[in-house]
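These are the residues of each chain, in order.
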Amino acid sequence: MSTLESDVLVIGGGMAAAWAAIGAAQEGARVRLVDKGFLGTSGVTATAGPGHWFFAPEARAAAIAQREAIAHGIADSAWMARILDQTFRTLPTLEGHYKFGLNDQGVKLYGPVRGPEYMRALRAKCEEVGVRILDHSPVLELLLHTDGSVAGARGVHRQRDNQPFEARAAAVILATGGCAFFSNLLGSTNNTGDGYLMASEAGVPLSGMEFSNQYVVAPAFSAVTRTMSYAWATYYDASGKDLEIRTHDGGTRALARHLLEGPVYCDLSRMPVDIRERLPRISPNVMIPFRRKNIDPFRDRFPVTLHAEGTVRGMGGIQIADDDCQTIVPGLYAAGDAASRELVTGASSGGGAVNSAWALSSGTWSGRAAARRAKLLGSRAERPVEAIGQAGLRPRRARQQLSTSELIKQTQDEILPYDKNLFRRGVQLSQSLGVLDQLWNEARDHLQDQHIVRSRETASVIASARFAYHAALHRRESRGMHQREDAPQSNAAYQERQTVYGLDQIRGSFDDRQSLEQAV
Amino acid sequence: MIELIVEDRCNQCNACVAACPTNVFEARPGQSPIIARKDDCQTCYMCELYCPQDALYVASDCHGSEPVDEAQVVASGALGQFRRDHGWGEWANDPRYENQHWYMGEVFRRAREKA
């Protein structure tokens, strides 16, 4: 096993990971970034176009008020103010690597950026400040010191015959993204909740996992989940009747109800001609799937579907314990979609805007704090450490030949269907949880696939689904994204953030402080 | 899913091997890479963007493989279209392919006003 040493280890390759690495390197730390894929194309930012929450100081109070109105009482406006301030200061520092757009009046707009160009710029910036990047090097498990603090991680170089590596560092940042359950959400295949599993194994609680059921419209054949064009969509049932659904304005649930009944079709005939012509220059990937299918979406009706977005556009993730985005495990930080975003989003999706401001800010803060920690403590590389990965790596009982694709499919059968996850009912959630617990026990006891990365991803996906449904079952009310058919009203008693922790036995709590004390 | 590596165009630079986020390609000494793990393709088109030779073709279907005819694809002009639309590489300073992503907010605003 090769051994790598740095002050700060960043795990992940999306925008949060990149900003974390930049933040740490600018504080003078030696930084290593390891990603499952390639820093530049990995993750959901690279394939999309985040429109950061970006406001000058005088406009922020209104932006926060607008957000508070849909947060349903579980966000924290002080955190919103923090990410608005950080994003406004930091995003323009990418100038020189990213060409920010000028609008028709010649005003430079920093907030909306195009994914592949943005991630290319972030990679260039990482290289400029001396971050050492290891692509195609998925991390499999965390290392802990005997005092419970984080010591690094282990993984494999998947383009070098899965050669194992051990990366030691004084601080570790989990920027592994959310979990989309292999749903065909664009760019999300690497987002399998790896950070949730690794953090849970270290005793870290997750927060807001019930908020994990956002869905997004796409052509039925395609992974191109870009919502902008669908602001002009007209939806039809099989008989050709206009369903009068507006998916960009809260119509997703109506669309799901129709999809449960039968196929739904769509055209973009209402899109003004000037926007049609501009479309490839705004989002070049929108038209590609249509052109290659010989579909004219402005004239022809094409079938649509809803892809699950899991915690990517949901809000659940690793619980943050302090202002630096450190977890309850000393030296372990979480950034971006790997972390819970409830502090800034509350109970409604942060979409591309708040979520990207969060990713930038939580990345920057965790990077800087991780660098300071390393400076204070030194590397501690000589001390003994323990590798703590369990499910999918070290089965509890005799290894058996299990099919990871079958385990994933069975998990999807519970977590993807609209009638189970979007229109939630306690009875169904309990029943699904029973199935998922069984899958977990099977994986926990016997899974250790030769394709070790997929083995771990399988365990992560099952674990993430269980956390989501455990939290959904215990929030016996409806709030924001989480809507219960059997409890359609909000209940003031639940106006709290909910944490879940533990793996073989999942526990939960509606009191932040209590869960911080109970865990570990 | 990824369907084609056009051999005539490929210069064996292996940029696709490096750039594919899900590790679909496999490099081969002295030859063009192969599509080794097609099932892992997420139909994200990133490989097309990073291929300076416009030698790759990703078909639209994300659920499974669909047969494509190489000659037809080459004749259709689809190769390199995505990279050009992005203003990537040699297209970077061509005003026809200027990055107008900033207009996204305007599109949503206009849709709301119309509703």
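Residues numbered from 1 in each chain as written. Chains lettered and ligands numbered in written order. Predicted model: local features only at pLDDT ≥ 70, side-chain atom pairs only at ≥ 80, totals over all residues. Heavy atoms only, no water.

Draft legend 1. Spatial organisation of the overall build of chain B. The number of helices and strands found in chain B is five helices and four strands. Listing each helix as α and each strand as β along chain B from the N terminus yields β-α-β-β-α-β-α-α-α. Along the first, second and third principal axes, the C-alpha set of chain B runs to 55 × 35 × 30 Å. Out of the 115 residues in chain B, the part that is buried amounts to 53%. By sequence separation, contacts in chain B at least 24 residues apart represent 49% of the contacts at least 6 residues apart. If you average the places of the 11 positive and of the 18 negative side-chain charges in chain B, the two averages end up 8 Å apart. (Helix = DSSP H or I, 4+ residues; strand = E, 2+ residues; numbered from the N terminus. Buried < 20%, exposed > 50% of the residue type's maximum accessible area, 1.4 Å probe, protein only. Contact = heavy atoms within 4.5 Å. Lys, Arg positive; Asp, Glu negative; His and termini not counted. Charge placed at Lys NZ, Arg CZ, Asp CG, Glu CD.)

Draft legend 2. Inspection of the packing of helix α1 (residues 15-26) of chain A against helix α11 (residues 351-377) of chain A at higher detail. All names here are of chain A. Closest axis-to-axis distance for the α1/α11 pair is 7 Å, and the angle between their directions is 35 degrees. Taken as a pair, α1 and α11 cross one another with a handedness that is right-handed. Touching M15, A16, W19, A20, G23 and A24 of α1 are S356, A359, L360, G363, T364, S366, G367, R368 and A371, all from α11. Residue composition of the contact of α1 with α11, by class: eight nonpolar, six polar and one charged. (Axes fitted to C-alpha atoms, helices over the stretch in contact; angles between N-to-C directions. Left-handed = near helix turned anticlockwise from the far one by under 90°. Nonpolar A, V, L, I, M, F, W, Y, C, P; charged D, E, K, R; others polar.)

Draft legend 3. The nonpolar core, seen in detail. Residues and elements named next belong to chain A. Of all hydrophobic cores here, the largest spans 76 residues; its most connected members are I11, W53, L142 and I318. A total of eleven residues in this core trace back to one element, the largest contributor, which is helix α15 (residues 452-474). Sequence-distant contacts of I11, defined by excluding residues within four places in its chain, comprise V34, V139, L142, A153, V172, I173, L174, A175 and T176. Among the nonpolar cores identified, the runner-up in size contains 40 residues, and A24, V131, A359 and L360 belong to it. (Core = buried A, V, L, I, M, F, W, Y, C linked by side-chain atoms within 4.5 Å.)

Draft legend 4. Representation of the environment of Q438(A). Residue and element names in this part refer to chain A. Here Q438 shows up in helix α14 (residues 426-446). The exposed category is assigned to Q438, whose relative accessible area is 56%. When the C-alpha atoms of Q438 and V264 are compared, they prove to be 34 Å apart, with 174 residues separating the residues in sequence.

Draft legend 5. Inspection of a negative patch on the surface at higher detail. Together, E7(B), D8(B), D69(B) and E70(B) line one region of the surface with negative charge. Positionally, D69(B) belongs in the loop between β4 (56-58) and α3 (70-76). (Patch = residues over 30% accessible without salt bridge, like charges linked within 9 Å, V, L, I, M, F, W, Y side chains within 5 Å. Areas by Shrake-Rupley, 256 points an atom, 1.4 Å probe, with all protein chains shown as cover. Salt bridge = Lys/Arg side-chain N within 4 Å of Asp/Glu carboxyl O.)

Draft legend 6. Molecular detail of the pairing of strand β14 (residues 264-267) of chain A. Here strand β13 (residues 234-236) of chain A runs beside β14(A); their pairing, made up of three bridges, is antiparallel. By the bridge assignment for β14(A), Y235(A) is matched with C266(A). (Pairing = 2+ DSSP bridges.)

Draft legend 7. Geometry of the side chain of S478(A). Residue and element names in this part refer to chain A. Inspection of the secondary structure puts S478 in the loop between α15 and β19 (499-501). Judged by relative accessible area, which is 1%, S478 ranks as buried. In this structure the side chain of S478 is engaged in a polar contact, spanning 2.8 Å, whose partner is the backbone oxygen of A487. Setting aside anything within four residues of it in sequence, one finds S478 in contact with Q483, R484, A487, P488, Q489 and S490. (Polar contact = N/O pair within 3.5 Å; in protein donor to acceptor, adjacent residues only side chain to side chain.)

Draft legend 8. Structural context of unusual backbone geometry. Residue and element names in this part refer to chain A. One non-glycine residue, H136, lies in the positive phi region at around 50 degrees. Here H136 is to be found in the loop between β6 (132-134) and β7 (139-145). According to the relative accessible area criterion, H136 is buried, its value standing at 3%. Phi angles above zero are rare outside glycine, and C325 is one such case at about 65 degrees.

Draft legend 9. Examining the interface of chain A and chain B more closely. Each side of the interface is counted separately: chain A has 59 residues, and chain B has 45 residues. A buried area of about 4700 Å², summed over both sides, lies between chain A and chain B, and 56% of it is on carbon and sulfur atoms. For chain A, the biggest contributors to the area lost against chain B are T41(A), R281(A) and R292(A); these three give 15% of the whole. Linking chain A to chain B there are six salt bridges. R291(A) is the partner of D85(B) in a salt bridge, and the nearest nitrogen-oxygen pair spans 3.4 Å. At the boundary of chain A with chain B, the tally comes to 28 residue pairs in polar contact (both at pLDDT 80 or more). Put simply, the parts of the chain that give the side of chain A that touches chain B at least two residues each are β4 (101-102), α5 (115-128), α8 (273-282) and α9 (288-292) of chain A. Sorting elements by how many residues they give to the side of chain A that touches chain B places α8(A) first, with six residues. (Buried area = accessible area lost by both parts, 1.4 Å probe.)

Draft legend 10. Inspection of the sheet that holds strand β16 (residues 317-318) of chain A at higher detail. All names here are of chain A. Reading across the sheet, the four strands line up as β16-β11-β19-β20 and stay open at both edges, with antiparallel pairing between neighbours. The open sheet has two free edges, formed respectively by β16 and β20 (507-509), since each of these has just one partner strand. The strands touched by α15 are β11 (206-207), β19 and β20; relative to β19, the strand with the most contacts, the crossing angle is about 135 degrees.

Draft legend 11. Up close: α14(A). All names here are of chain A. Compared with the 30 Å implied by 1.5 Å per residue over 21 residues, the 30 Å span of α14 between its first and last C-alpha is a close match. Turning to α14, its buried residues are G426, Q428, L429, S432, L433, L436, L439, W440, A443, R444, D445 and H446. Its buried side turned inward, α14 meets α6 (194-201), α12 (404-415), α13 (418-422) and α15. (Expected span 1.5 Å × (residues − 1).)

Draft legend 12. Geometry of the layout of surface pockets. Computed from the structure, the second largest pocket encloses a volume of approximately 700 Å³. Taken together, 29 residues form the lining of the second largest pocket, with F182(A), S183(A), N184(A), Q412(A) and C62(B) sitting closest to its centre. The set of elements that each furnish at least two residues to the lining of the second largest pocket consists of β15 (302-310) and α12 of chain A. Of all the elements, α12(A) adds the most residues to the lining of the second largest pocket, at five residues. Within the lining of the second largest pocket, the residues separate by chemical class into twelve nonpolar, 13 polar and four charged. (1 Å grid on protein atoms, 1.4 Å probe; cavity = no way out; pocket = protein on both sides within 12 Å on 5 of 7 lines; lining within 4 Å. Points joined across faces, edges and corners; volume = space filled by probe spheres on them.)

Draft legend 13. Broad picture of the pattern of salt bridges. Applying the stated criterion across every chain yields a total of 50 salt bridges over all chains. A salt bridge links E66(B) to K293(A); the shortest N-O distance between them is 3.8 Å. In this pair, E66(B) is assigned in the loop between β4 and α3 and K293(A) in the loop between α9 and β15, connecting two distinct chains. Taking the relative accessible area as the measure of exposure, K293(A) reaches 29% and is therefore partly exposed. For E457(A), the salt bridge identified is with R454(A), shortest N-O distance 2.7 Å.

Draft legend 14. Region of the structure containing the sheet that holds strand β10 (residues 171-174) of chain A. Residue and element names in this part refer to chain A. In space, the five strands of this open sheet follow the order β6-β3-β2-β10-β17, with parallel pairing throughout. Each edge of the sheet is formed by a strand with only one pairing partner; in this case those strands are β6 and β17 (332-334). The sheet shows a mean angle of 20 degrees between the axes of neighbouring strands, taken without regard to direction. Here strand β2 (residues 8-11) pairs with strand β3 (residues 31-34) via four bridges, running parallel. Bridged to V8 within β3 is V31.

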